[in-house]
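# Residue-level structure breakdown
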Amino acid sequence: MKKVGIMSMQRIANYGSFLQAYALKQLLEKQDCKVEFVDYHVDEPVVTEHVDKRNKYMRKLEKGLEIFDSEAPFSHKMAFIQYKQLFSKKYMPLLNVSAAMNYNPQLDCLVIGSDEVFNCIQKNANVGYSLELFGKNSRADCLITYGASFGNTTLDKLRKYGKADEIGSLLKKFDGISVRDDNSGKIVEALTGKRPVYHLDPVLIYDYMHWCQLIPQMEKAEEYLILYAYSGRISDREADWISAYAKKKNLKIYAIGGIQRCAHRFIDCSPFEVLSYFRNAKEVITDTFHGSIFSVITHRPFAALVRRSAGGSYGNEEKLTDLLLRLGLRDQAVYDIAQAGIALRQNIDYEKINHDLQGEREKAEVYLSNYLK
């Protein structure tokens, strides 16, 4: 049995990071591999403009104060803080990830990905700039990526900060490179001269709704709309529109992943229960990559709010628009909340999407099998 490691964003406390990590682990175990998660050392961020130099405890305190300053109901704030505090303790064991860090193990194969493992030009001190995410110091006999993404790191940014040559030299050492979006593919091709393979996110490739036995059947007590977005990302104008829309449709608003001032309930649940809540929802509004994917695999009407990067703000445009285009869901992209109603009325051909996903699943299985033989 091959000993295979996954180096990903598995320790980040959110549903998307967890479910993509769990899905990739299942796909590798299907190839008769013994799978473990591998950690990486975090260096200082490359971006110094607008960088937050406070230590992690001060940042956590500041985040907590921001939560209490929000206009969300007090009970939602307390539930959200508990959700964030207990996430790792409750759900990391499901990945067999412990508090002890697992650096540079000897492996038959190291798979780097999925998620934004290559998003190195950013100011987040929790992620920083880590060349180990590009294979440095790997002790694996085979080194590949699966569905790796540069996020909103672009080729221009790599060149601006003087990292293009360094990243390019490391990418050339990989045995196989798989990316999940066009921006990442163009960077790899420009820096290595080779075209990478494109694969969809593991949450789409692992057929959660048919293969995963951990998703519970839940009774629906009322009709609801899911608002899946991080705390602080939904503007007052957007919250007002969503509130009026839900009232007109006679829907309650369930906030998942973050607290929102327009929500009737904040849902603290397991990652697998999230998919059950999505499956029972009437409609979904999200501004996240994985919120869009959860909507797709549960066949929900949804609107995806596209955020452009500006100044020090972190956008989702590169990854979200690419995802929607690959799935033939261009009309679900919303650049202004006032257009969300149009997206939610779209008749999505999920039968065709399911057919296309089957082809992508077979393609991913062949790719992984070729390197794990």
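Residues numbered from 1 in each chain as written. Predicted model: local features only at pLDDT ≥ 70, side-chain atom pairs only at ≥ 80, totals over all residues. Heavy atoms only, no water.

### Comments concerning the side chain of serine 178
Structurally, the position occupied by serine 178 is in strand β5 (residues 178-179). A relative accessible area of 0% places serine 178 in the buried class. In this structure the side chain of serine 178 is engaged in a polar contact, spanning 2.8 Å, whose partner is the side chain of histidine 199. (Helix = DSSP H or I, 4+ residues; strand = E, 2+ residues; numbered from the N terminus. Buried < 20%, exposed > 50% of the residue type's maximum accessible area, 1.4 Å probe, protein only. Polar contact = N/O pair within 3.5 Å; in protein donor to acceptor, adjacent residues only side chain to side chain.)

### Section: the sheet that holds strand β1 (residues 2-7)
Pairing between sheet strands relies on hydrogen bonds along the backbone, with the strands arranged either parallel or antiparallel. Across the sheet, four strands lie side by side as β2-β1-β3-β4; this open sheet has parallel pairing. Across the chains shown, the open sheet's two edge strands, defined by having one partner strand only, are β2 (33-38) and β4 (139-145). For this sheet, the mean angle separating the axes of adjacent strands, direction not counted, is 30 degrees. With four bridges joining them, β1 and strand β3 (residues 106-112) adopt parallel strand pairing. The partner of glycine 5 across the bridge, within β3, is leucine 110. The strands touched by helix α1 (residues 15-29) within the sheet are β1, β2 and β3, with β2 carrying the most contacts at an inclination of about 155 degrees. Running at roughly 160 degrees to β4, helix α14 (residues 350-372) makes contact with β1, β2, β3 and β4 of the sheet. (Pairing = 2+ DSSP bridges. Axes fitted to C-alpha atoms, helices over the stretch in contact; angles between N-to-C directions. Contact = heavy atoms within 4.5 Å.)

### Description of helix α3 (residues 74-91)
Given 3.6 residues per turn, any residue in an α-helix points the same way as the ones three and four places further on. Helix length check: α3, at 18 residues, gives a terminal C-alpha distance of 25 Å against a target of 26 Å (1.5 Å per residue), a fit within 8%. Maximum bend of α3: about 40 degrees, positioned at glutamine 85. Taken residue by residue, α3 has His76, Lys77, Phe80, Tyr83, Phe87 and Tyr91 as its buried positions. (Expected span 1.5 Å × (residues − 1). Bend = angle between axes of the 7 residues up to and from the residue.)

### Considering the packing of aromatic side chains
Under the defined criterion, the tally for this structure stands at 27 aromatic pairs. With a centroid separation of 5.5 Å and an interplanar angle of 35 degrees, the aromatic rings of tyrosine 15 and tyrosine 83 are classed as tilted. Of the two residues, tyrosine 15 sits in helix α1 while tyrosine 83 sits in helix α3, which places them 68 residues apart along the sequence. Since its relative accessible area comes to 1%, tyrosine 15 is described here as buried. By relative accessible area, tyrosine 83 is classed as buried at 2%. Taking 5.6 Å as the distance between ring centres and 80 degrees as the angle between the ring planes, the aromatic pair formed by tyrosine 228 and phenylalanine 294 counts as edge-to-face. (Phe/Tyr/Trp six-rings, centres within 6.5 Å; stacked < 30°, edge-to-face > 60°.)

### Let's talk about the sheet that holds strand β7 (residues 224-228)
Strand order in the open sheet formed by six strands is β9-β8-β7-β10-β11-β12, with parallel pairing between adjacent strands. This sheet does not close on itself; its edge strands, each paired only once, are β9 (265-267) and β12 (333-334). The strands that helix α10 (residues 271-280) touches are β7, β8 (252-256), β9 and β10 (283-286); relative to β7, the one it contacts most, it runs at about 135 degrees.

### Re the pairing of β2
Note: β1 against β2, six bridges, orientation parallel. Paired with lysine 3 across the bridge in β2 is lysine 34. In this view, the connection linking β1 to its parallel neighbour β2 by way of α1 has right-handed handedness. (Right-handed = clockwise from strand over helix to strand, strands pointing away.)

### Comments concerning the pattern of salt bridges
In the structure shown here, the tally under the stated rule is 21 salt bridges. With a shortest N-O distance of 3.7 Å, arginine 361 and aspartate 207 are connected by a salt bridge. In this pair, arginine 361 is assigned in helix α14 and aspartate 207 in the loop between α7 (202-205) and α8 (208-211), connecting sequence segments 154 residues apart. Assessed through its relative accessible area of 13%, arginine 361 is described here as buried. Looking at aspartate 207, the relative accessible area reads 12%, which means it is buried. Here aspartate 336 and arginine 237 are joined by a salt bridge, their closest N and O atoms 2.9 Å apart. (Salt bridge = Lys/Arg side-chain N within 4 Å of Asp/Glu carboxyl O.)

### Looking at the side chain of serine 295
Examined against the element boundaries, serine 295 turns out to sit in helix α11 (residues 289-297). Overall, the relative accessible area of 0% leaves serine 295 in the buried class. For serine 295, the residues in contact, after removing those within four places along its chain, are Phe278, Val284, Arg300, Phe302 and Tyr350.

### Topic: the environment of glutamate 132
Tracing the backbone shows glutamate 132 in the loop between β3 and β4. Judged by its relative accessible area of 9%, glutamate 132 is buried. On a C-alpha basis, the gap between glutamate 132 and isoleucine 337 in space is 39 Å, while along the polypeptide they are 205 residues apart. Filtering out sequence-adjacent residues up to four positions away, glutamate 132 remains in contact with Met7, Asp39, Tyr40, His41, Asn104, Ile112 and Asn137.

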